[in-house]
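Inside the fold
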2 protein chains.
Amino acid sequence: MIVRNLAEANRTRRRVVSKGWESTRLLLKEDQMGFSFHITTIYAGADLPMHYQNHLESVYCISGAGTIENRETGEKHPIHPGVMYALDKNDRHILRAETEMKMACVFNPPLNGQEVHDESGAYPLEAEGV
Amino acid sequence: MIVRNLAEANRTRRRVVSKGWESTRLLLKEDQMGFSFHITTIYAGADLPMHYQNHLESVYCISGAGTIENRETGEKHPIHPGVMYALDKNDRHILRAETEMKMACVFNPPLNGQEVHDESGAYPLEAEGV
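First, a word on scope: everything that follows refers to the structure included in this document. Computed from a prediction, not measured in an experiment: that's the story for all the values here.

1. Some points on the packing of aromatic side chains
Residue and element names in this part refer to chain A.
- Across all of its chains, the model carries 8 aromatic pairs over all chains by this definition.
- Each ring, one from Tyr52 and one from Tyr123, has its centre 5.0 Å from the other, and the planes form 35°; the classification is tilted. Here the residue Tyr52 occupies a position in the loop between strand E5 (47–50) and strand E6 (56–63), and Tyr123 occupies one in the segment after strand E11 (101–108), the gap between them amounting to 71 residues. Note on accessibility: Tyr52 and Tyr123 belong to one class, buried.

Given below as structure tokens:
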């Protein structure tokens, strides 16, 4: 059994800080669960175009408010606590935060650890661990 | 892109109620994400011996307080918001809730939909969907 604590993980390389967001990766590829699990903070006002070409992702909103736009269809959905979205078709999307949002994110395949978005809005399949 | 809302899902067969807990399954096998994602409520006072022999599971505490006991080693860990545990070795365990707890759970392989624990504390690999 693995037991980890967000407050402790925030003081390690599990916490990755980027432009408009930060993410603390509580489970990674090395844990051999078949997915990775992250608690991600989207900063208030962030406007993040993303396109995970190499990963499927689900995102559950724990707190905060914003919108998710599906760039394949133009549809927009409000995000608030209790809303989940899943990028089951590697959908191009834009996540916008009205207030700071806390999200529980699952990636398949699992991240290695140090991934940040490349210029296309994707994570690479290979990256340094923690 | 799939978008689902906990409040709406709670009014469907995605919400499964059992003894000491209930779970609303926002992503399932049919969604083809390679994992399932559930928001699970453990009722205050529940004392739940479990043994997922067919699944790996991670559990992240969103709210509430309790303990997780690893029955393989006897170790106990406090559960509070920000704590995650992962049953990476199909570990036999007991989850106890001091107060009502809300947990974000990920299963690999994904659940079908209507699973409840069998007498050994496991979920079967096959079950009815939603």
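2. Examining the relation of the copies chain B and chain A
- Placing chain B over chain A gives an RMSD of 0.0 Å and needs a rotation angle of 180°, together with 0.0 Å of translation along the axis. Such a turn and shift between the copies fits a two-fold axis.
- When the interface residues of chain B are mapped onto chain A, 100% of them again lie at the interface, so the same face is used by both copies.

3. Here we look at the sheet that holds strand E5 (residues 47–50) of chain B
Residues and elements named next belong to chain B.
- The antiparallel open sheet is built from 4 strands, whose spatial order is E5-E10-E7-E8. The open sheet has two edge strands with one neighbour each: E5 and strand E8 (76–79). Here the average twist between neighbouring strands, direction ignored, is 20°.
- As paired strands, strand E7 (residues 66–70) and strand E10 (residues 93–97) are joined by 5 bridges and run antiparallel to one another. If you follow Asn70 over to E10, its bridge partner there is His93.

4. Concerning the interface of chain B and chain A
- Listed by partner, the interface residues are 36 residues for chain B and 36 residues for chain A.
- For the pair chain B and chain A, the summed buried surface comes to about 3,000 Å²; carbon and sulfur atoms form 72% of the total.
- A per-residue breakdown of the area chain B buries against chain A is headed by Met1, Met33 and Met84 of chain B, which together make up 25% of the total.
- Our count for the contact surface shared by chain B and chain A stands at 0 salt bridges.
- Sorting the residues of the side of chain B that touches chain A by element identifies strand E1 (2–5), strand E3 (21–27), strand E4 (36–42), strand E6 (56–63), E7, strand E9 (83–87) and strand E11 (101–108) of chain B as the ones contributing at least two each.
- For the side of chain B that touches chain A, the per-class residue count stands at 20 nonpolar, 10 polar and 6 charged.
- Pairing of strand E1 (residues 2–5) of chain A with E9 of chain B, which is carried by 4 bridges, proceeds in the antiparallel orientation. Bridging from a neighbouring strand, Val3 of chain A pairs with Tyr85 of chain B of E9 of chain B.

5. So, the sheet that holds E11 of chain B
- Within the open sheet, the 7 strands sit side by side as E1(A)-E9(B)-E6(B)-E11(B)-E4(B)-E3(B)-E2(B). Their pairing is antiparallel. For this open sheet the edge positions go to E1 of chain A together with strand E2 (15–17) of chain B, each flanked by a neighbour on one side alone. When the angles between neighbouring strand axes are averaged without regard to direction, this sheet yields 20°.
- Here 6 bridges tie E3 of chain B to E4 of chain B, and the two strands are oriented antiparallel to one another. Looking at E4 of chain B, one finds that Thr24 of chain B is bridged to Ile39 of chain B.

Calculation rules
- Residues numbered from 1 in each chain as written.
- Chains lettered and ligands numbered in written order.
- Predicted model: local features only at pLDDT ≥ 70, side-chain atom pairs only at ≥ 80, totals over all residues.
- Heavy atoms only, no water.
- Phe/Tyr/Trp six-rings, centres within 6.5 Å; stacked < 30°, edge-to-face > 60°.
- Helix = DSSP H or I, 4+ residues; strand = E, 2+ residues; numbered from the N terminus.
- Buried < 20%, exposed > 50% of the residue type's maximum accessible area, 1.4 Å probe, protein only.
- Least-squares fit on C-alpha atoms with pLDDT ≥ 70 in both.
- Contact = heavy atoms within 4.5 Å.
- Pairing = 2+ DSSP bridges.
- Axes fitted to C-alpha atoms, helices over the stretch in contact; angles between N-to-C directions.
- Buried area = accessible area lost by both parts, 1.4 Å probe.
- Salt bridge = Lys/Arg side-chain N within 4 Å of Asp/Glu carboxyl O.
- Nonpolar A, V, L, I, M, F, W, Y, C, P; charged D, E, K, R; others polar.

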